[in-house]
Amino acid sequence: MFQYNPQINEDEDERECEMELSRTELVFAQMTARGPRWPRAIGVVEIIVGFLLTILGTVEVFALPLIESKDGSNLILLDKGNCYGVGCIAGLAMLVTGSTAIRATLSKRDTTIFRFFNMTILSLIIYTGMTLFLIVAYAKGWTSPSNYEPGSKMGDVHMFVTIVTVIGLLFAMSGFVQYFDVICCGTVPLWTQWANCFCGCIYKCITETRAPVYKGLTQSGV
C-alpha cells in the first residue's frame, strides 16, 4: 500500500521553487544582457501617444458631436465618418501597453515582464488592424471632406487621429522588434507561458524537460 511521504512533497516543492527562481533570474539576465534593456523609455512614449490618441478619439466621438449638434441629437457619434471610434480603442490599447512597460521596469518580476510582452503583441495586432481599417476608410471615401457638415472640424480631428495612429503603429513595431529575441527566442520564451495558461499538462512536460537546463544555468551563475 502506498504511504504518504512528506519528504517527497517537500523535495518537489523545493525543485519547483528552484525552477521558478531560475526562470526569474533567466528573464532578468535576458532583459539586462545588452545594457539598459528595461522598457522605461518606450513605456513613457507609449503612454504619451496613447493619452494623446485617447483624447483625440474622445473629441471625435463625444466632444465634437456635442458641440456641433444643432438639434440635440447624435451626442455620441460612432459611424463611418470617425471610423467607429478607432482613436479611442487604439489609444486605450497603447495606454495599457505603456503602463505595463513601466510596471515591468519598476517591479522587474517575470510576471509583469510577460504581461508587457503580451500587451506588446496585442497592441501590434490592434494597431496593424486599425491602420488597415483607416486605409480602407480613406479608399472608400468614408472620411472625405465632402462627407462632413460644412464648417465641421471632424475631418481635421480625424486626420490627426490617423497620423497619431500610424505613429503608434511605429512604436508598437519598435517595441516588438526590440524585444523580439527575448519574447520569442529567449531561454524562457513566451509561448511556454501560453502553454501554461491554455494547457497546464503541456507546460508541466516542458518544465520537466528543461529543468536540468535551468539548474545548470543557475549553478553557472547566469
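Residues numbered from 1 in each chain as written. Predicted model: local features only at pLDDT ≥ 70, side-chain atom pairs only at ≥ 80, totals over all residues. Heavy atoms only, no water.

A. Here's a closer look at helix α2 (residues 40-68). With 29 residues, α2 should cover 42 Å at 1.5 Å per step; its first-to-last C-alpha distance of 40 Å lies within 8% of that length. Its maximal kink placed at V59, α2 deviates by approximately 45°. (Helix = DSSP H or I, 4+ residues; strand = E, 2+ residues; numbered from the N terminus. Expected span 1.5 Å × (residues − 1). Bend = angle between axes of the 7 residues up to and from the residue.)

B. Representation of the side chain of E60. Mapped onto the elements, E60 comes out in helix α2. Looking at E60, its side chain comes within polar contact range of the side chain of H158, at 2.6 Å. Setting aside chain neighbours within four positions, we find E60 in contact with P65, G81, N82, M154, V157, H158 and V161. (Polar contact = N/O pair within 3.5 Å; in protein donor to acceptor, adjacent residues only side chain to side chain. Contact = heavy atoms within 4.5 Å.)

C. How the structure looks around the nonpolar core. Judged by nonpolar contacts, the single largest core of 33 residues is most densely connected at L53, F116, F117 and Y127. Where this core is concerned, the elements lending two or more residues are α2, α3 (86-107), α4 (110-139) and α5 (154-178). If you tally residues by element for this core, the top one is α4, at ten residues. Other than its neighbours up to four places away in sequence, Y127 contacts L53, A90, G91, M94, T165, G168 and L169. (Core = buried A, V, L, I, M, F, W, Y, C linked by side-chain atoms within 4.5 Å. Buried < 20%, exposed > 50% of the residue type's maximum accessible area, 1.4 Å probe, protein only.)

D. Structural context of the packing of α3 against α4. Where α3 meets α4, the axes come as close as 9 Å, and the angle between the chain directions of the two elements is 160°. Between α3 and α4, the crossing angle belongs to the class labelled roughly antiparallel. The way α3 lies across α4 gives a crossing that is left-handed. Here the residues of the contact of α3 with α4 are counted per class, giving 16 nonpolar, seven polar and two charged. (Axes fitted to C-alpha atoms, helices over the stretch in contact; angles between N-to-C directions. Parallel < 35°, antiparallel > 145°, perpendicular 65-115°, else oblique. Left-handed = near helix turned anticlockwise from the far one by under 90°. Nonpolar A, V, L, I, M, F, W, Y, C, P; charged D, E, K, R; others polar.)

E. Structural view of the environment of G50. The residue G50 is located in helix α2 in this model. The class for G50 is buried, based on a relative accessible area of 0%. Beyond its immediate stretch of four places on either side in the chain, G50 contacts G91, M94 and L95.

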